[in-house]
Amino acid sequence: MDASVVLDAVDLRLLRLLQNDARTTYRDLAARVGVAPSTCLDRVARLRRSGVILGHQLRLDPAKLGRGLQALLSVQVRPHRRELVGPFVERVRALPEARTVFHLTGPDDYLVQVAVADMADLQRLVLDEFTSRREVARVETRLIFQQWECGPLLPPGHAES
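Residues numbered from 1 in each chain as written. Predicted model: local features only at pLDDT ≥ 70, side-chain atom pairs only at ≥ 80, totals over all residues. Heavy atoms only, no water.

J.: What is the right way to look at unusual backbone geometry in this model?
T.: One can expect most non-glycine residues to show negative phi and most peptide bonds to be in trans. With an omega of -5°, the peptide bond between Arg78 and Pro79 qualifies as cis. Tracing the backbone shows Pro79 in the loop between β1 (69-77) and α4 (82-94). (Helix = DSSP H or I, 4+ residues; strand = E, 2+ residues; numbered from the N terminus.)

Structural data, given as structure tokens:
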């Protein structure tokens, strides 16, 4: 795993503000954390270069795009070998229904969050894209009733201000 990056109070305030609204201008960010706009720009650029800021994403509502049913698929792959892991993950990531893929410990090897149109679409996805693969030994499906976003991710030991 990558080593953590040393962040000071200004960095943490910038990250908190950007996590809550990534469209905040550098001028507004600078004013809110009490630094010059050029300093703000330099700090955000450093946070990007160091890998703390991974990017900016536009979040879409799956239901408004015709994919109102979400599920978690617990997938067991056998044999669980490196030469199968990479191609399996890349295949799943390429599926338009896939939202998130986790590689796990325990009885299941992967947890895949998917968004589909309806139950028939979910059945098609499970049968055609998962259980039809030779390396997939088992798929267990759980429907998602509701989902909530959590607060900003900040380094351990830093209180929010």
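J.: Would you take a moment to explain the nonpolar core for this structure?
T.: One broad rule of soluble globular proteins: the nonpolar side chains tend to lie buried together. Core analysis: the biggest nonpolar cluster contains 21 residues, and Leu73, Val75, Phe88, Tyr110, Val112, Leu122 and Phe130 have the highest contact counts within it. With 5 residues, β1 is the largest single contributor of residues to this core. Once you skip the residues sitting within four places of it in the chain, Leu122 turns out to touch Leu69, Ala71, Leu73, Val114, Val116, Thr141 and Leu143. By size, the runner-up hydrophobic cluster in this structure holds 15 residues, among which are Val10, Leu15, Leu29 and Cys40. (Core = buried A, V, L, I, M, F, W, Y, C linked by side-chain atoms within 4.5 Å. Buried < 20%, exposed > 50% of the residue type's maximum accessible area, 1.4 Å probe, protein only. Contact = heavy atoms within 4.5 Å.)

J.: Looking at this structure, how should I read the sheet that holds strand β3 (residues 110-116)?
T.: The strands making up a sheet associate through hydrogen bonds between their backbones, and the pairing can be parallel or antiparallel. Across the sheet, 4 strands lie side by side as β2-β3-β1-β4; this open sheet has antiparallel pairing. Edge positions in the open sheet fall to β2 (98-103) and β4 (136-144), since each of these has one partner strand only. The average undirected angle you get between the axes of adjacent strands in this sheet is 20°. Taken together, the 8 bridges between β1 and β4 define a ladder with antiparallel strand orientation. By the bridge assignment for β4, Ser74 is matched with Glu140. Contacts from helix α5 (residues 119-131) reach β1, β3 and β4, with the element oriented near 160° to β4. (Pairing = 2+ DSSP bridges. Axes fitted to C-alpha atoms, helices over the stretch in contact; angles between N-to-C directions.)

J.: Explanation requested: the environment of Ala3 in the structure shown.
T.: Along the chain, Ala3 turns up in the segment before α1 (9-20). Relative accessible area serves as the criterion here: at 69%, Ala3 is assigned to the exposed category. Along the sequence, Ala3 and Gly106 sit 103 residues apart, while their C-alpha atoms lie 26 Å from each other.

J.: Explain α1 here, please?
T.: Spacing of three or four residues puts side chains on the same side of an α-helix, whose turn is 3.6 residues. The end-to-end C-alpha distance of α1, which contains 12 residues, comes to 17 Å, matching closely the 16 Å that a straight helix rising 1.5 Å per residue would cover. What α1 keeps buried is the set Val10, Asp11, Leu12, Leu14, Leu15, Arg16, Leu17 and Leu18. Here the buried face of α1 lies against α2 (26-33) and α3 (37-49). (Expected span 1.5 Å × (residues − 1).)

J.: What should I look at first to understand the pattern of salt bridges in this one?
T.: Two side chains of opposite charge can pair, provided their charged atoms sit close to one another. Applying the stated criterion across every chain yields a total of 16 salt bridges. Note that Asp11 and Arg46 form a salt bridge whose closest N and O atoms lie 2.7 Å from each other. Taken together, the positions of Asp11 in helix α1 and Arg46 in helix α3 put the pair 35 residues apart, joining distant regions of the chain. A relative accessible area of 1% means that Asp11 is categorised as buried. With relative accessibility at 30%, the residue Arg46 sits in the partly exposed group. The partner of Asp21 in a salt bridge is Arg23, with the nearest N and O atoms 3.7 Å apart. (Salt bridge = Lys/Arg side-chain N within 4 Å of Asp/Glu carboxyl O.)

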